[in-house]
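Notes for the structure review
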Amino acid sequence: MIRVEGLSKHYGELVVLKEINTVIHKGEIISIIGPSGTGKSTFLRCLNLLETPTGGDIFIDDVPLFDKNTSVPKVRQKMGMVFQSFNLYAHLSVLENLTIGPIKLLGKKKEEANKRAVELLNLVGLAEKVNSFPDELSGGQKQRVAIARCMAMEPEILLFDEPTSALDPTMVSEVLAVIRRLAREGITMVIVTHEMEFAANISSRVFYMDEGLIYEEGSPEQIFENPQREKTKTFIHRIRSLVRHISSKAYDLYAIQGEMEIFCEKHMLPKKVSDDIMLIVEEVLTLQSDFSDIDLSLSYHEKDGSIEFLCESTGNLTNLLDETSMEDNIGILILKSRCKHIDYRYVNGRNIINLTVKL
Ligand code: ADP
Ligand code: MG
C-alpha cells in the first residue's frame, strides 16, 4: 500500500532523513519510536504531503506522490493525520467539525454526513457531546473528536503524530483505547508514539528511527525484547533517574519532594503515583537515624513503566522493615500500602532500601 524509496529530507545543511526505504502493507499497524529530533514527524509529514522531500519518492497504491501528474487532493484524501495538538475548529460544534469535511470535500449530503458523524462519535465514546463546542471538552475528549473527524473523511491510512503527548497523564489511556479500537477495524495505521507499552501491544511492526534512517525494524517482540543494534538497545532499555544526596539533618525535604514531583510530571506519571512518591520519600527518611550520608534515587524504567526508589544510608537501621518490628509502625504500613515490593539489605555498612512503587 505504501512504498517508500530512498526518501531523504534536508533542511539546508541539516540532513533529517538520509535514506528511508520501506513497504507498509494494507491493514498493518506500524509504530515509530525513537529519540526526539530523529525525523519521525518529518517522515509522517512527507507521507501526508505536508513536506516535499529532497530526494526519493513515496508510492501509495503504486501512485508516485511527488510526480507532477499526481492529484494531490486525491492522494491526501486517502490519508488522515492526527496531530499532537487537536486542531479542531473552535467556532464549530463537535457535529459540524465532523461533517464539514465530508460535505465540502466528499460532496456528501448533510443527513448522510450527520448519520456517519453520530456513528463515529459513538465509536469514540462521545455521542453525548455531539452539540458541544471544542472548548467545552477535555484534552482527551478533543483528541477523540479529532480522531473521529479524521475517520469521517474515510481515509485508508491513518497517521498519528504523538497523539497523546500534549495530554494530561490522566487522559492518555482514553485516547489510546480509541486508537486500539480503530486498529481492530483493519485500517492501516502509522503511529509515532512515546508510549512503549502501547506500541508493543498494538503494532504489527515497530520502526526505530535514528541517524536519518529506519535504524532497526521488527516485530514488537524483536524490538522491545531483543533489539539487535546498539542504539536501539540503548533507547529501549533507557532508565531515567533522579539522584539526590543528603549530608546533614538540616536537609530540605520540600526541595527534594519538589524535584521528584517535577521528575514525575516530566515523565507524565499519574498524579496519584507522584503523590505516593512524595509520601514514600518522607517516610523512608523518617526511618533514618544517621543523616550524614544518604543517597536517594528515583528511577523510571521507560520500557515497562516501572518506578523504583532507592535509599542508601550509613549506620544500621536494625532492620526496621523486619516483620516483627513493623506491626505498630505507621510509616512502614504507609510504605507497604504504596509499594508493590519492598526490599531491605545491609551491605558493607550501608542500609539499602529498595522500593518498587505501585502504579
Ligand atoms: P522528531 O519528530 O523525530 O522529533 P522532527 O521530524 O520533528 O523530529 O525533526 C527532525 C529535525 O528536523 C529536528 O532537528 C528539527 O529541528 C528539524 N526540522 C524539522 N522541521 C524543520 C523545518 N521546517 N525547518 C528546519 N528544520 C526543521
Ligand atoms: Mg515529532
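Summary of the structure given here. (Residues numbered from 1 in each chain as written. Chains lettered and ligands numbered in written order. Predicted model: local features only at pLDDT ≥ 70, side-chain atom pairs only at ≥ 80, totals over all residues. Heavy atoms only, no water.)

1. A short note on the packing of helix α3 (residues 94-104) against helix α4 (residues 110-123)
In the contact formed by α3 and α4, the axes pass within 9 Å of each other and the chain directions differ by 130°. The angle between the axes of α3 and α4 places the two elements in the oblique class. Pair α3 / α4 crosses with right-handed handedness. For the pair formed by α3 and α4, the contact residues are Val94, Leu95, Leu98, Thr99, Pro102 and Ile103 on the first element and Lys110, Ala113, Asn114, Ala117, Val118, Leu120 and Leu121 on the second. For the contact of α3 with α4, the residue count by class is 10 nonpolar, 2 polar and 1 charged. (Axes fitted to C-alpha atoms, helices over the stretch in contact; angles between N-to-C directions. Helix = DSSP H or I, 4+ residues; strand = E, 2+ residues; numbered from the N terminus. Parallel < 35°, antiparallel > 145°, perpendicular 65-115°, else oblique. Left-handed = near helix turned anticlockwise from the far one by under 90°. Contact = heavy atoms within 4.5 Å. Nonpolar A, V, L, I, M, F, W, Y, C, P; charged D, E, K, R; others polar.)

2. Thoughts on the sheet that holds strand β7 (residues 157-161)
As summarised here, the arrangement of the 6 strands in space is β6-β7-β8-β3-β9-β10, forming an open sheet in which the pairing is mixed. Pairing within the sheet leaves two strands with one partner each, and these edge strands are β6 (79-82) and β10 (213-218). For this sheet, the mean inter-axis angle between neighbouring strands, taken without regard to orientation, is 20°. As judged from the 5 bridges shared by β7 and strand β8 (residues 188-192), these two strands associate in the parallel manner. When the bridges of β8 are listed, Ile157 appears paired with Thr188. In this fold helix α1 (residues 40-47) packs onto β3 (29-33), β6, β7, β8 and β9 (205-210), with an angle of close to 150° to the strand it touches most, β7. Where helix α5 (residues 139-152) meets the sheet, its contacts fall on β6 and β7, and the angle it forms with β6 comes to roughly 170°. (Pairing = 2+ DSSP bridges.)

3. As for the packing of aromatic side chains
Applying the stated criterion to the full structure yields 3 aromatic pairs. With centroids separated by 5.7 Å and ring planes inclined at 80°, the aromatic side chains of Tyr208 and Tyr215 adopt a geometry described as edge-to-face. Exposure class is identical for Tyr208 and Tyr215. Each is buried. Ring geometry for Tyr251 against Phe291: centres 5.5 Å apart, planes inclined by 15°, an arrangement best described as stacked. Separated by 40 residues along the polypeptide, Tyr251 in the loop between β11 (239-246) and α10 (253-266) and Phe291 in the loop between α11 (271-286) and β12 (294-301) bring together distant segments of the chain. On the accessibility criterion, Tyr251 (24% relative accessible area) is partly exposed. Taking the relative accessible area as the measure of exposure, Phe291 reaches 8% and is therefore buried. Three or more aromatic residues joined by ring pairs make a cluster, and in this case those are Tyr208, Tyr215 and Phe235. We note Arg229 situated over the ring of Tyr215; from NZ or CZ to the ring centre the distance is 3.8 Å. (Phe/Tyr/Trp six-rings, centres within 6.5 Å; stacked < 30°, edge-to-face > 60°. Buried < 20%, exposed > 50% of the residue type's maximum accessible area, 1.4 Å probe, protein only. Lys NZ or Arg CZ within 6 Å of the ring centre and 35° of its normal.)

4. Regarding the nonpolar core
A general tendency of soluble globular proteins is for nonpolar side chains to be buried together. By size, the foremost hydrophobic cluster in this structure holds 37 residues, and its most contacted members are Ile147, Leu158, Phe160, Ile179, Met189 and Ile191. The set of elements that each furnish at least two residues to this core consists of α3, α4, α5, β7, α6 (169-183), β8 and α7 (196-202). Sequence-distant contacts of Met189, that is, excluding residues within four places in its chain, are made with Glu28, Ile29, Ile30, Leu158, Phe160, Ile179, Leu182 and Ala183. Core analysis: the second largest hydrophobic core is formed by 31 residues, Ile246, Met278, Val284 and Leu296 among them. (Core = buried A, V, L, I, M, F, W, Y, C linked by side-chain atoms within 4.5 Å.)

5. Brief notes about the sheet that holds strand β1 (residues 2-11)
Sheet strands associate in pairs through backbone hydrogen bonding, adopting either a parallel or an antiparallel arrangement. An order of β2-β1-β4-β5 is seen for the 4 strands of this open sheet, with the pairing classed as antiparallel. Both outer strands of the open sheet, β2 (14-24) and β5 (63-64), are each paired with one neighbouring strand and no more. Here 7 bridges tie β1 to β2, and the two strands are oriented antiparallel to one another. The partner of Tyr11 across the bridge, within β2, is Leu14. Where α1 meets the sheet, it contacts β1, β2 and β4 (55-60), and its direction lies at approximately 120° from that of β1.

6. A closer look at the side chain of Thr188
Along the chain, Thr188 turns up in strand β8. When its relative accessible area of 1% is taken as the criterion, Thr188 is described as buried. Among the polar contacts made by the side chain of Thr188, one reaches the main-chain amide nitrogen of Gly27 at a distance of 2.8 Å. Those residues in contact with Thr188 that sit more than four places away from it in its chain are Met1, Ile24, His25, Lys26, Gly27, Glu28, Glu156, Ile157 and Leu158. (Polar contact = N/O pair within 3.5 Å; in protein donor to acceptor, adjacent residues only side chain to side chain.)

7. Re unusual backbone geometry
Here the phi dihedral of Asp61 falls at roughly 45°; this positive angle occurs in a residue that is not glycine. With respect to the helices, strands and loops of the structure, Asp61 is situated in the loop between β4 and β5. Residue Asn87 is not a glycine yet carries a positive backbone phi of 50°. Its location among the elements puts Asn87 in the loop between β6 and α3.

8. Describing α1
With 6 of 8 residues buried, α1 is to be regarded as a mostly interior element. Among the residues making up α1, those that are buried are Lys40, Thr42, Phe43, Leu44, Cys46 and Leu47. Directly after α1, the chain includes Leu49, whose backbone phi takes a positive value near 65°.

9. Overview of the site of ligand 1
The environment of ligand 1 is formed by Tyr11, Leu14, Val16, Ser36, Gly37, Thr38, Gly39, Lys40, Ser41 and Thr42. The backbone of Gly37 places a nitrogen or oxygen atom 2.7 Å from an oxygen atom of ligand 1. A distance of 3.1 Å is found between an oxygen atom of ligand 1 and a backbone nitrogen or oxygen belonging to Thr38. At the level of elements, β2 and α1 are the ones that each hand at least two residues to the shell around ligand 1. Class assignment of the residues belonging to the shell around ligand 1 gives a composition of 3 nonpolar, 6 polar and 1 charged. (Near = heavy atom within 4 Å.)

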